Amino acid sequence: MSPIAVYSIPGSPYGRAVLATLEEKQLPYRLCPLTPGAHRSEPYVLIHPFAKIPAIEHDGFKLYETQAILRYLDRLKPLPALAPADLHDLARMDQIMNINDCYLFQGVGDVIGFERVVAPRLMGATPDEAAIAAAMPKAHRVFAELSRLMGDGPFFAGQSVSLADLMLAPHMEFLFQTPEWHVLTAQRHNIANWMERMNERPSMIATTWTRVAELAKAA
Ligand SMILES: N[C@@H](CCC(=O)N[C@@H](CS)C(=O)NCC(=O)O)C(=O)O
């Protein structure tokens, strides 16, 4: 199979979800790194008119939106299956992916993860403590719901890893690096244990910010 071109920026959690899925599937890929800002101008906006990361190109087929990309990759190479066969587990997978996009990233990840991890690393900025504090009530709501939905686990949608875990883990891993993580998971051990398990997966180890930055340099 010809390699899949992945347009991403090292550190992007959405980009990492795509890369981790490619690693889980053992599909050939080529990172096409973008520098922050380059995603807002041509030629990238010709692929992604909404100027977001990531996008892929495979045999001339261009695709953006992470959920669509993950499902494309899962259907492109059916094994190992990353979408459960059980109807309820599949619905749960879809639900978790949407919770990630609508509630975890927006107002939680893009505030706490950005202020604590991204802005200091990329811009040398000092975290905005007021913005972080203001994001915590929503963070607690999201974590409470994720914990309830996971129950006894081990994964979010059935007994094996799915696209839900691969979508969520890169976003959660940013929060894992912050002091807020302990507050958010103190009473939610299933989430803390799941994060530890995900962080040990080869697909997550192969796609850390540092590792993707190395790939970007070599590209
Ligand atoms: N709905 C999009 C969201 C992607 C997204 O928000 N990516 C962020 C960061 S990982 C981004 O491109 N941020 C840069 C910007 O908004 O300029 C998807 O699922 O791919």
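Residues numbered from 1 in each chain as written. Predicted model: local features only at pLDDT ≥ 70, side-chain atom pairs only at ≥ 80, totals over all residues. Heavy atoms only, no water.

**A word on the site of the ligand**
Near the ligand the following residues occur: Ser12, Pro13, Tyr14, His39, Arg40, Lys52, Ile53, Pro54, Glu65, Thr66 and Phe105. A distance of 2.8 Å is found between an oxygen atom of the ligand and a side-chain nitrogen or oxygen belonging to histidine 39. Here glutamate 65 contributes a side-chain N or O atom positioned 2.8 Å from a nitrogen atom of the ligand. When the free accessible area of the ligand is taken as 510 Å², the share hidden by the protein chains comes to 79%. Residues of the shell around the ligand, tallied by class, amount to five nonpolar, three polar and three charged. (Near = heavy atom within 4 Å. Polar contact = N/O pair within 3.5 Å; in protein donor to acceptor, adjacent residues only side chain to side chain. Areas by Shrake-Rupley, 256 points an atom, 1.4 Å probe, with all protein chains shown as cover. Nonpolar A, V, L, I, M, F, W, Y, C, P; charged D, E, K, R; others polar.)

**Looking at the packing of aromatic side chains**
Scanning the model with the defined rule gives eight aromatic pairs in all. When the ring of phenylalanine 143 is compared with that of tryptophan 181, the centres are 5.6 Å apart and the planes differ by 80 degrees; the resulting orientation is edge-to-face. Placement of phenylalanine 143 in helix α5 (residues 129-150) and of tryptophan 181 in helix α7 (residues 180-185) is noted, with a sequence separation of 38 residues between them. An aromatic cluster is defined as three or more aromatic residues linked by ring pairs; in this entry it consists of Phe143, Phe176 and Trp181. Positioned over the ring face of tryptophan 209 is arginine 121, at 4.1 Å from the centre of the ring. (Phe/Tyr/Trp six-rings, centres within 6.5 Å; stacked < 30°, edge-to-face > 60°. Helix = DSSP H or I, 4+ residues; strand = E, 2+ residues; numbered from the N terminus. Lys NZ or Arg CZ within 6 Å of the ring centre and 35° of its normal.)

**Remarks on the packing of helix α3 (residues 66-76) against helix α4 (residues 87-123)**
Relative to each other, α3 and α4 sit at 145 degrees, their axes nearing to 11 Å. Considering how the two elements wind past one another, α3 and α4 form a crossing that is right-handed. Across the interface between the two elements, Gln67, Leu70 and Arg71 from α3 touch Met93, Asp94, Met97, Asn98 and Asp101 from α4. Across the contact of α3 with α4, the residue classes break down as three nonpolar, two polar and three charged. (Axes fitted to C-alpha atoms, helices over the stretch in contact; angles between N-to-C directions. Left-handed = near helix turned anticlockwise from the far one by under 90°. Contact = heavy atoms within 4.5 Å.)

**What to know about helix α8 (residues 189-199)**
Of all the positions in α8, only Asn190, Ile191, Ala192, Trp194, Met195, Met198 and Asn199 are classed as buried. For α8, the elements touching its buried residues are α5, α6 (163-176), α7 and α9 (202-205). (Buried < 20%, exposed > 50% of the residue type's maximum accessible area, 1.4 Å probe, protein only.)

**As for the domain arrangement of the protein chain**
Interfaces are often sized by the amount of accessible area the parts lose when they come together. As assigned here, the protein chain comprises domain 1 (4-81 + 206-218) and domain 2 (87-203). Surface buried jointly by domain 1 and domain 2 totals about 1800 Å² across both partners, of which 61% is contributed by carbon and sulfur atoms. Along the contact surface separating domain 1 from domain 2 lie three salt bridges. Mapped by element, the contributors of at least two residues to the side of domain 1 that touches domain 2 are α1 (13-25), α3 and α10 (209-218). Looking at the side of domain 1 that touches domain 2, the element that brings in the most residues is α1, giving eight residues. Counted by class, the side of domain 1 that touches domain 2 contains eight nonpolar, six polar and five charged residues. (Domains from an automatic or database assignment. Buried area = accessible area lost by both parts, 1.4 Å probe. Salt bridge = Lys/Arg side-chain N within 4 Å of Asp/Glu carboxyl O.)

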